[in-house]
Number of protein chains: 2
Amino acid sequence: MADGRGDRIDPIAPVPPYRQIAQIIRRRIGAGEYRPDTRIPTESEIVGEFEVARSTARRAVAVLREEGLVYTVPNRGSYVSRPSG
Amino acid sequence: MADGRGDRIDPIAPVPPYRQIAQIIRRRIGAGEYRPDTRIPTESEIVGEFEVARSTARRAVAVLREEGLVYTVPNRGSYVSRPSG
DNA sequence: GTGTATTTGTTCGTATGTATC
DNA sequence: CGATACATACGAACAAATACA
């Protein structure tokens, strides 16, 4: 379960899918499923797991990046940020 | 003409380029221009002939692969499938 | 064995058009 | 009208396997 399979989004919830996905990944990071400097799921994997468009997957990752929770390396993927300090 | 030069895609047609290209290759296979177990054009060749991005060329090939019309050998190319049976 | 070219695999960056709410 | 979402397309970079001189 370390991969969190079973998490689902509700496409008709008031909170848009991209935020729900960001929340799920945020929780996994907090739970240590994705650790510092290791890659979080690629956009394609997010698309596959949550059955959303790539643009939605990208937005979810963008939310986490803007929060500073992850950093994105072009053409490589997005990685969990190390605790600041 | 066995190489099909002259086939063109319409970038603004309702049918997207990647499907038009798949259709053209599909037709060539049906016409025997590309025969069983022989390679179809590489992604680069498709890019050159139809003047599309590689990602579009890949999608066209993916369509044919999903239809079972061709099989792709990693790092080698895509080949015409043999008639099932 | 080395080096280079070819070819597919992967991944992110960005833009446009359409549709829905 | 704005935000969200999906489909499509082009671009760029790099990896890995294969082929060949």
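Scroll up for the structure.
This is a predicted model, so every value here is computed, not measured.

### Examining the protein's contact with DNA strand C
Step number 1: Around DNA strand C, the surrounding shell holds 21 residues, and the nearest of these are Arg54, Arg58 and Asn75 of chain A together with Arg54 and Arg58 of chain B.
Step number 2: Among all atoms of DNA strand C positioned within 4 Å of the protein, those belonging to sugar or phosphate total 55%.
Step number 3: A distance of 3.1 Å is found between a base nitrogen of DNA strand C and a side-chain nitrogen or oxygen belonging to arginine 54 of chain A.
Step number 4: One of the side-chain N or O atoms of arginine 58 of chain B is found 2.9 Å from a phosphate oxygen in DNA strand C.
Step number 5: Looking at the surface near DNA strand C, the elements with two or more residues in it are helix H3 (54-66) and strand S1 (70-73) of chain A together with helix H3 (54-66) of chain B.
Step number 6: Among the residues making up the surface near DNA strand C, the classes are represented as three nonpolar, eight polar and ten charged.

### Regarding the nonpolar core
All names here are of chain B.
Step number 1: Judged by nonpolar contacts, the single largest core of 19 residues is most densely connected at Ile21, Ile25, Ile29, Ile40, Ile46 and Phe50.
Step number 2: The set of elements that each furnish at least two residues to this core consists of helix H1 (17-30), helix H2 (43-50) and H3.
Step number 3: At six residues, H1 tops the list of elements feeding residues into this core.
Step number 4: With residues up to four places along the chain from it excluded, the contact list for isoleucine 29 reads Tyr34, Ile40, Leu69, Val70 and Val80.

### Section: the environment of valine 52 of chain A
All names here are of chain A.
Step number 1: Mapped onto the elements of the fold, valine 52 is located in the loop between helix H2 (43-50) and H3.
Step number 2: The sequence separation of valine 52 and isoleucine 21 amounts to 31 residues, and the corresponding C-alpha distance is 9.8 Å.
Step number 3: Apart from residues no more than four positions distant in its own chain, valine 52 is found in contact with Ile9, Ile21, Ile46, Val47 and Ala57.

### Overview of H3 of chain A
Residues spaced three or four apart along an α-helix face the same direction, because each turn holds 3.6 residues.
Residue and element names in this part refer to chain A.
Step number 1: Compared with the 18 Å implied by 1.5 Å per residue over 13 residues, the 18 Å span of H3 between its first and last C-alpha is a close match.
Step number 2: Among the structural elements, helix H1 (17-30), H2, S1 and strand S2 (77-80) are those in contact with the buried residues of H3.
Step number 3: Glycine 68 sits one or two positions beyond H3 and adopts a positive phi of about 85 degrees.

### A word on the protein's contact with DNA strand D
Step number 1: Neighbouring residues of DNA strand D: 22 residues in total, closest Pro17 and Thr56 of chain A together with Pro17, Tyr18 and Thr56 of chain B.
Step number 2: In the interface set of DNA strand D, defined as its atoms within 4 Å of the protein, sugar plus phosphate atoms amount to 81%.
Step number 3: Between DNA strand D and alanine 53 of chain A, the relevant distance is 2.8 Å, taken from a phosphate oxygen to a main-chain nitrogen or oxygen of the residue.
Step number 4: Between DNA strand D and the protein, one listed contact pairs a phosphate oxygen with a side-chain N or O atom of tyrosine 18 of chain B at 3.1 Å.

### Brief notes about the environment of arginine 5 of chain B
Step number 1: Structurally, arginine 5 of chain B can be placed in the segment before H1.
Step number 2: Each C-alpha atom of the pair arginine 5 of chain B and glutamate 49 of chain B lies 8.0 Å from the other, and the pair is 44 residues apart in sequence.

### Observations concerning the side chain of arginine 28 of chain B
Residue and element names in this part refer to chain B.
Step number 1: With respect to the helices and strands, arginine 28 occurs in helix H1.
Step number 2: Relative accessible area serves as the criterion here: at 2%, arginine 28 is assigned to the buried category.
Step number 3: For arginine 28, the side chain forms a polar contact with the side chain of glutamate 49, separated by 2.7 Å.

### Some remarks on the packing of aromatic side chains
Step number 1: Tallied over the entire structure, the rule returns two aromatic pairs over all chains.
Step number 2: On the basis of an interplanar angle of 20 degrees and a centroid distance of 5.7 Å, the ring pair of tyrosine 71 of chain A and tyrosine 79 of chain A is categorised as stacked.
Step number 3: Overall, the relative accessible area of 32% leaves tyrosine 71 of chain A in the partly exposed class.
Step number 4: The ring centre of tyrosine 18 of chain B lies 4.2 Å from the NZ or CZ of arginine 59 of chain B, which sits over that ring.

### Comments concerning the pattern of salt bridges
Step number 1: Overall, the coordinates contain 16 salt bridges over all chains when judged by the stated rule.
Step number 2: Residue aspartate 37 of chain B is joined to arginine 82 of chain B by a salt bridge in which the shortest nitrogen-to-oxygen separation is 3.5 Å. Here aspartate 37 of chain B is found in the loop between H1 and H2, whereas its partner arginine 82 of chain B is found in the segment after strand S2 (77-80), with 45 residues between them in sequence.
Step number 3: For glutamate 43 of chain B, the salt bridge identified is with arginine 58 of chain B, shortest N-O distance 2.5 Å. Of this pair, glutamate 43 of chain B sits in helix H2 while arginine 58 of chain B sits in helix H3, and the two are 15 residues apart along the sequence.
Step number 4: Note on glutamate 43 of chain B: relative accessible area 23%, which makes it partly exposed.
Step number 5: Residue classification places arginine 58 of chain B among the partly exposed positions, given a relative accessible area of 44%.
Step number 6: Three or more residues are tied together by salt bridges with common partners; here these are Asp7, Arg27, Arg28 and Glu49 of chain A.

Calculation rules
Residues numbered from 1 in each chain as written. Chains lettered and ligands numbered in written order. Predicted model: local features only at pLDDT ≥ 70, side-chain atom pairs only at ≥ 80, totals over all residues. Heavy atoms only, no water. Near = heavy atom within 4 Å. Polar contact = N/O pair within 3.5 Å; in protein donor to acceptor, adjacent residues only side chain to side chain. Helix = DSSP H or I, 4+ residues; strand = E, 2+ residues; numbered from the N terminus. Nonpolar A, V, L, I, M, F, W, Y, C, P; charged D, E, K, R; others polar. Core = buried A, V, L, I, M, F, W, Y, C linked by side-chain atoms within 4.5 Å. Buried < 20%, exposed > 50% of the residue type's maximum accessible area, 1.4 Å probe, protein only. Contact = heavy atoms within 4.5 Å. Expected span 1.5 Å × (residues − 1). Phe/Tyr/Trp six-rings, centres within 6.5 Å; stacked < 30°, edge-to-face > 60°. Lys NZ or Arg CZ within 6 Å of the ring centre and 35° of its normal. Salt bridge = Lys/Arg side-chain N within 4 Å of Asp/Glu carboxyl O.

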